[in-house]
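A structural walkthrough
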Amino acid sequence: MVGFVVLMLAAFASGALNAVAGGGAFITFPALLFAGVPPVAANASSTVALFPGQAASSWAYRREIAAGGQVNVPVFAALSLVGGLIGALLLLLTPNAVFAGFVPWLLLFATAVFAVGAYAPWIVSRLRLGGRSVLVVQFIISIYGGYFGGGIGFLMLAALTLFGLRDIHAMNGLRLLLAMLMNAAAVGAFIVAGAVWWPETIAMAVAAVAGGYAGAMGAKRVDPRILKTLVVLIGVALTLYFFVKGA
């Protein structure tokens, strides 16, 4: 019972973080590992648990998404679905022992991406992506998103910025929609493959939806920089932990 309460608290915090700043997977994935769920199943269960909250958030941004006229949303959506499915299948083909070895490196990469997106956007501000290039980048991000997913929000925001978008609300809406779509493909693959630990996942999904709602309501009251700092600190701590202890 205590373990389920901890997982639900982690999912609530993840839903709130995803709604405000992104980075919710930094909490749910390690929480499932600590609860004794094998690495591949933990990643799959984390993706499924956070999916309902992502779907609700993307729906809430539907007007902002429609305003982002520079982006061909159907093409981006199709690439996200296909890439997410490929990434999920790659995860399912990865043995637990091998994926466990990847975990600290994936966390390190995701933390670095998150930190750069939050605090040093000028690093990529001089680059530029054309129409075809941004589609290739989105497809690669989608594969990574289906496989692990940490930091995909900032990767997509960076790609959209380099493409020329400046409306932060439209960009945030597209980020949520595309993340939801790549995870939708991954969720389907994980369910069919039987990789989801359902009791933990259902409890976390309910908590994640509540956290997402609370995060959306409180987004204007909380400085996103504080939450981003918290996400980076959590990422650094977990990266160091898994490098020392292993997954």
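The structure presented is a predicted model; accordingly, all values stated were derived computationally and were not measured.

As a further point, take the environment of E200. Relative to the helices and strands, E200 resides in helix 10 (residues 198–218). Overall, the relative accessible area of 15% leaves E200 in the buried class. It is 7.4 Å that separates the C-alpha atoms of E200 and L7, two residues lying 193 residues apart in sequence. The contacts of E200, once residues within four sequence positions are left out, are F4, L7 and L32.

Here we come to the packing of helix 2 (residues 25–34) against helix 3 (residues 39–60). Here helix 2 crosses helix 3 at 135°, and the two axes come no closer than 9 Å. Relative to helix 3, the element helix 2 is oriented oblique. The way helix 2 lies across helix 3 gives a crossing that is right-handed. Touching A25, T28, F29, L32 and L33 of helix 2 are P39, A42, N43, S45, S46 and L50, all from helix 3. Grouping the amino acids of the contact of helix 2 with helix 3 by side-chain chemistry returns seven nonpolar, four polar and no charged.

Definitions and cut-offs
Residues numbered from 1 in each chain as written. Predicted model: local features only at pLDDT ≥ 70, side-chain atom pairs only at ≥ 80, totals over all residues. Heavy atoms only, no water. Helix = DSSP H or I, 4+ residues; strand = E, 2+ residues; numbered from the N terminus. Buried < 20%, exposed > 50% of the residue type's maximum accessible area, 1.4 Å probe, protein only. Contact = heavy atoms within 4.5 Å. Axes fitted to C-alpha atoms, helices over the stretch in contact; angles between N-to-C directions. Parallel < 35°, antiparallel > 145°, perpendicular 65-115°, else oblique. Left-handed = near helix turned anticlockwise from the far one by under 90°. Nonpolar A, V, L, I, M, F, W, Y, C, P; charged D, E, K, R; others polar.

These figures capture arrangement, not role.
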